[in-house]
Amino acid sequence: MDINIDKEHGYVSWHNGDNTVTRKVGRIERACYHEDDNYVEVFIGEHGEEGYIVFSMDGDIVCSVDLIRQQYVFLNFKDILPERTKNVMFYKKRNALYCLYEYGGINAIRIICGDRSVTIDIPAGIHPQYMLAMDSRATLVAETDEADQYGRYRWNYTIDSENKIICKRCLAY
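Keep in mind the model is a prediction, meaning the values are calculated, not measured.

## Regarding the nonpolar core
- In terms of nonpolar packing, the biggest core is built from 19 residues, with Tyr98, Ile109, Met131, Leu140, Ile159 and Ile166 touching the most fellow members.
- Those elements that place two or more of their residues in this core are strand E10 (85-91), strand E11 (96-103), strand E12 (106-113), strand E14 (126-133), strand E15 (138-144), strand E16 (154-160) and strand E17 (165-171).
- The contact partners of Ile166, leaving out residues within four places of it in the chain, are Ile109, Ile120, Ile122, Pro123, Ile126, Leu140, Tyr157, Thr158 and Ile159.
- In this structure, Phe43, Val54, Val65 and Phe74 belong to the second largest nonpolar core, which totals 15 residues.

Set out below in structure tokens:
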């Protein structure tokens, strides 16, 4: 699918069937279409550092994250992100917002589903980098103090919200 970006005027547009959907966003860095989940994600600010907006194909806002103001809108629920949020990911398979943040020297992941949330503390020695939405799971990519036989330190961890843990899976590249 083609997504058109007008950075000068702050517009993004795409085709939904026979209709063209256009939204004013401002400070657009880039946009992408997620074919498997059928939504458009627009990143705001240089390298997406200011936040992003997730649109349904008909142009409705599914989720909006403002990393400058540290707030979000998700499922028509508006709230403040956890203090010192580093990374936020919308995970369509769970219809949840995943926030990677730090409090009191501890790294944690807060999983937000409307007005409910779950927090998972990340064990010491695991240094989170970012999160990824995979087909069957949400994943944390982190560096650790533990190297494999070739001296690589970056690992993928499955985020298990039901048991409130992260589980090491495999090396990350």
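## Describing the sheet that holds E15
- Reading across from one edge, E14-E15-E16-E17 is the order of the 4 strands in this open sheet, with antiparallel pairing throughout. Looking along the sheet, the strands with just one partner apiece sit at the ends: E14 and E17. Taking each pair of neighbouring strands and ignoring which way they run, the sheet shows an average axis angle of 35°.
- Where E14 lies against E15, 7 bridges are found, and the strand directions are antiparallel. Bridge assignment links Pro128 to a residue of E15, and that residue is Ala142.

## Quick word on the packing of aromatic side chains
- Scanning all chains against the criterion turns up 6 aromatic pairs.
- Taken together, a centroid distance of 5.6 Å and an interplanar angle of 45° make the contact between Trp14 and Phe55 tilted. Residue Trp14 is located in strand E2 (residues 11-16), and its partner Phe55 is located in strand E6 (residues 51-56); the two are separated by 41 residues in the primary sequence.
- Assessed through its relative accessible area of 0%, Trp14 is described here as buried.

## Quick word on the sheet that holds strand E9 (residues 77-80)
- Strand order in the open sheet formed by 6 strands is E4-E5-E6-E7-E8-E9, and the pairing between neighbours is antiparallel. Edge positions in the sheet fall to strand E4 (28-34) and E9, since each of these pairs with one other strand and no more. Taken pair by pair, the neighbouring strands of this sheet meet at an average axis angle of 15°, ignoring direction.

## Considering the side chain of Asn107
- Mapped onto the fold, Asn107 is located in strand E12.
- Residue classification places Asn107 among the buried residues on the basis of a relative accessible area of 15%.
- Reaching out from Asn107, the side chain makes a polar contact with the side chain of Lys86 at a distance of 2.7 Å.
- With residues near it in sequence (within four places) discarded, Asn107 still touches Lys86, Tyr101, Glu102, Ile120, Asp121, Ile122, Ile126 and Pro128.

Thresholds applied
- Residues numbered from 1 in each chain as written.
- Predicted model: local features only at pLDDT ≥ 70, side-chain atom pairs only at ≥ 80, totals over all residues.
- Heavy atoms only, no water.
- Core = buried A, V, L, I, M, F, W, Y, C linked by side-chain atoms within 4.5 Å.
- Buried < 20%, exposed > 50% of the residue type's maximum accessible area, 1.4 Å probe, protein only.
- Helix = DSSP H or I, 4+ residues; strand = E, 2+ residues; numbered from the N terminus.
- Contact = heavy atoms within 4.5 Å.
- Pairing = 2+ DSSP bridges.
- Axes fitted to C-alpha atoms, helices over the stretch in contact; angles between N-to-C directions.
- Phe/Tyr/Trp six-rings, centres within 6.5 Å; stacked < 30°, edge-to-face > 60°.
- Polar contact = N/O pair within 3.5 Å; in protein donor to acceptor, adjacent residues only side chain to side chain.

None of the figures reported here should be taken as evidence of function without further support.
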